[in-house]
Amino acid sequence: MRRSAGLRDDEQMHRAHTATLASSGLILVLVGLAAGLGAAAARHADLAALGLTTLAVLTTGAVGALIGLKLPGHRVGAVLTSTALLYSTVLLAESYARYVILDGHHGLSDGEWAALWVNASWPLMFGGVIAVALLFPDGRLLSPRWRWAACGTALCVVGTAVLGLFTAEPFD
């Protein structure tokens, strides 16, 4: 039996709402963990920078969630929420790396991997900003000709991040 278009639209709206709420909840959890680790590593953490970064992550996530809840499936909301989720993983990794490496909790593992993620992921943060600029205001590219710009940008951003994983520079 074939379903009606309205029911399918309701299901898609429900999935979009669920994805927005789930990613927003995950952002809050990751930012909370990052703030806790940042406070625990307070003698090596720049608390002002941690507070401003936390505010930026929460603001980006909140705007993305509001767009995602008011206009389910809107690409700008999805990009903002995804960018905030990416920012929150970087924030958590930085707090964890500071806690393990700089505070001397060497019994915990993967501090170097966390620092590597922090150092290599900076280009990905610009990818979200560029994607919003390309998709604003209606969630679509201006014309099909802009696909080349979007694909080129994505290739450059991801390529720079991948190359950052293999750099021989010391961690910041």
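Let me sum up the structure you'll find in this document. Since this is a predicted model, take the numbers as computed values, not measurements.

Parameters at a glance
Residues numbered from 1 in each chain as written. Predicted model: local features only at pLDDT ≥ 70, side-chain atom pairs only at ≥ 80, totals over all residues. Heavy atoms only, no water. Helix = DSSP H or I, 4+ residues; strand = E, 2+ residues; numbered from the N terminus. Expected span 1.5 Å × (residues − 1). Buried < 20%, exposed > 50% of the residue type's maximum accessible area, 1.4 Å probe, protein only. Patch = residues over 30% accessible without salt bridge, like charges linked within 9 Å, V, L, I, M, F, W, Y side chains within 5 Å. Areas by Shrake-Rupley, 256 points an atom, 1.4 Å probe, with all protein chains shown as cover. Salt bridge = Lys/Arg side-chain N within 4 Å of Asp/Glu carboxyl O. Core = buried A, V, L, I, M, F, W, Y, C linked by side-chain atoms within 4.5 Å. Contact = heavy atoms within 4.5 Å.

Attention now goes to helix α3 (residues 75-102). Side chains three or four residues apart in an α-helix point the same way, a direct result of the helix having 3.6 residues per turn. Taking 1.5 Å per residue as the helical rise, α3 with its 28 residues ought to reach 40 Å, and the 39 Å between its terminal C-alpha atoms agrees with that figure. Note on α3: the residue one or two positions beyond its end, Gly-104, has a positive phi of about 80°.

Right, let's talk about unusual backbone geometry for a bit. Cis geometry marks the peptide bond from Phe-136 to Pro-137; its omega dihedral reads 5°. Position of Pro-137 among the secondary structure elements: in the loop between α5 (122-135) and α6 (146-165). Despite not being glycine, Asp-110 shows a phi value in the positive range, around 70°. Here Asp-110 shows up in the loop between α3 and α4 (111-120). What makes Asp-110 partly exposed here is its relative accessible area of 45%.

On the surface, Val-158, Val-162, Leu-165 and Phe-166 cluster together into a nonpolar patch covering about 380 Å² of accessible area. Here Val-162 shows up in helix α6.

Moving on, we get to the nonpolar core. Counting 14 residues, the largest nonpolar core has Ile-27, Val-31, Val-57, Leu-91, Leu-92 and Tyr-99 as its most contacted members. Elements with a minimum of two residues in this core: α1 (5-40), α2 (47-70) and α3. No other element matches α3, which puts six residues into this core. Excluding anything up to four places from it in sequence, Leu-92 contacts Leu-30, Leu-33, Ala-34 and Leu-37. If you look at the next biggest cluster of nonpolar residues, it comprises six residues, including Val-90, Ala-93, Ala-97 and Ala-114.

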